[in-house]
Amino acid sequence: MPPPERLPAPGVNATGEREELLAHGELTVVGRIREASNAVLLCSVTHGGVSADCVYKPVKGERPLWDFPDGNLAQREVAAYLVSEATGWGLVPPTVLRDGPYGEGMVQEWIETGESPEAGLLALVDGEEAGEGWRPVALAEVGEGRTALLVHADDERLRRISVLDAVINNGDRKGGHLLPAPDGRLYGIDHGVSFHTEDKLRTLLWGWAGEPLTEDARSVLDVLEARLAPGEPLATRLAELVTAAELDAVRARVALLLRTGTHPQPSGQWPAIPWPPV
């Protein structure tokens, strides 16, 4: 029997084919990503003579959180993928909810990156000016009484991710959760602590806070608002993954973004930047 064909780089195969592979392929655990706070297993998945690398996060491996219900972070990861797909921006790797070697969990396509994924996207600079091509975030202590300015790239890919985060109320947009793919696309991962009804937006992407949304973003939000209407396929699927109140909160956040026409600003009621930042 010939070895399975490796799946081409993200963006080459149709999204539906990649979802099919993840949802129905045979999962084989290869190892564990130990630096993750919850159980994250690196796997290979094979189906119909095609294989790919993926991550599998079993629900059984989720650590309880004081502000989120137990055992549903995997569902929130899938919900974030569905919202991303509805925008047309494709910011989250294909993600499915399925049974695996350790029970139900989230399975997501593995994105290959370089040694330091956030390189070129985030930086610490001396002084109080971000410099051309960068956006200021906050001053950070760097030891021995010194501070540096945390900045992120003035990159349209990051700007789109910041809009997605505002919609799903992402509570953990760290630098290590930004994955640039070899084909130039930028993906966001780790969306388990999203969709809360309270404002919990924590991100390193505050560089556009209070600024007008782009025409592209407003057009996408218009489409998203329509797709979130009761009875629409997206709304029906999200209702299976998050609570009714959380789904209503998504609708309210989209409506607010459209009404104000601006990127959100830190609420002051919740830490604005995740820790650790990367």
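Report follows, based on the coordinates. (Residues numbered from 1 in each chain as written. Predicted model: local features only at pLDDT ≥ 70, side-chain atom pairs only at ≥ 80, totals over all residues. Heavy atoms only, no water.)

## Observations concerning the side chain of N170
Okay, so step 1: Summarising the element assignment, N170 is placed in the loop between α3 (156–168) and β10 (178–180).
Okay, so step 2: Here D172 takes part through its backbone nitrogen, which lies 3.0 Å from a polar atom of the side chain of N170.
Okay, so step 3: Once residues lying within four places of it in the same chain are set aside, the contact partners of N170 are D165, D190, H191, V193, S194, K200, L201 and R202. (Helix = DSSP H or I, 4+ residues; strand = E, 2+ residues; numbered from the N terminus. Polar contact = N/O pair within 3.5 Å; in protein donor to acceptor, adjacent residues only side chain to side chain. Contact = heavy atoms within 4.5 Å.)

## Observations regarding the packing of α3 against helix α6 (residues 244–260)
Okay, so step 1: With their axes 8 Å apart at the nearest point, α3 and α6 run at an angle of 130° to one another. Taken together, the axis directions place α3 and α6 in an arrangement best described as oblique. The residues of α6 that touch α3, namely those facing A166, V167 and I168, are V250, R253, V254 and L257.
Okay, so step 2: Taken together, the residues that form the contact of α3 with α6 break down as six nonpolar, no polar and one charged. (Axes fitted to C-alpha atoms, helices over the stretch in contact; angles between N-to-C directions. Parallel < 35°, antiparallel > 145°, perpendicular 65-115°, else oblique. Nonpolar A, V, L, I, M, F, W, Y, C, P; charged D, E, K, R; others polar.)

## Side note on the pairing of strand β9 (residues 146–153)
Okay, so step 1: Buried residues dominate β9, accounting for six of its eight residues.
Okay, so step 2: Bridging between strand β7 (residues 122–125) and β9 involves four bridges; their strand directions are antiparallel. Its bridge partner being in β9, L124 is matched across the sheet by L150. (Buried < 20%, exposed > 50% of the residue type's maximum accessible area, 1.4 Å probe, protein only. Pairing = 2+ DSSP bridges.)

## Thoughts on α6
Count 3.6 residues to each turn of an α-helix, and residues three or four apart come out pointing the same way.
Okay, so step 1: Its 17 residues give α6 an end-to-end C-alpha distance of 24 Å, which sits within 8% of 24 Å, the value for a rise of 1.5 Å per residue.
Okay, so step 2: Buried residues of α6: E246, L247, A249, V250, R253, V254 and L257, and no others. Seen along its axis, α6 keeps its buried residues to an arc of 155°; they face one direction. With respect to the buried face of α6, the exposed residues turned more than 90 degrees away are A244 and R259.
Okay, so step 3: Elements that come into contact with the buried residues of α6 comprise α2 (73–87), α3, α4 (215–227) and α5 (233–238).
Okay, so step 4: Just beyond α6, the residue with positive phi is G261, at close to 70°. (Expected span 1.5 Å × (residues − 1). Arc of directions from axis to C-beta.)

## Comments concerning the nonpolar core
Okay, so step 1: Membership of the largest hydrophobic core comes to 45 residues, with the highest contact counts inside it found for V83, L158, V167, F195, L224 and L228.
Okay, so step 2: Secondary structure elements with two or more residues in this core: α2, β9, α3, α4, α5 and α6.
Okay, so step 3: Beyond its immediate chain neighbours, meaning those up to four positions away, L158 contacts L121, H152, A153, L178, L186, L205 and W208.
Okay, so step 4: Counting 11 residues, the second-largest nonpolar core is a separate cluster that includes L22, V45, C54 and Y56. (Core = buried A, V, L, I, M, F, W, Y, C linked by side-chain atoms within 4.5 Å.)

## Remarks on the pattern of salt bridges
Okay, so step 1: A full pass over the atoms with the stated rule returns 15 salt bridges.
Okay, so step 2: Notably, a salt bridge pairs R160 with D216, separated by 3.1 Å at the nearest N-O pair. With a gap of 56 residues between them, R160 in helix α3 and D216 in helix α4 connect regions that are remote in the sequence.
Okay, so step 3: Among the residues examined, R160 registers a relative accessible area of 28% and is labelled partly exposed.
Okay, so step 4: Judged by its relative accessible area of 29%, D216 falls in the partly exposed class. (Salt bridge = Lys/Arg side-chain N within 4 Å of Asp/Glu carboxyl O.)

## Overview of the environment of P94
Okay, so step 1: With respect to the helices and strands, the residue P94 is situated in the loop between α2 and β5 (95–100).
Okay, so step 2: Residues P94 and A39, 55 residues apart in the sequence, show an inter-C-alpha distance of 19 Å.
Okay, so step 3: Residue contacts for P94: discarding those within four places in its chain leaves R18, E19, L22, Y81, V107, Q108 and E109.

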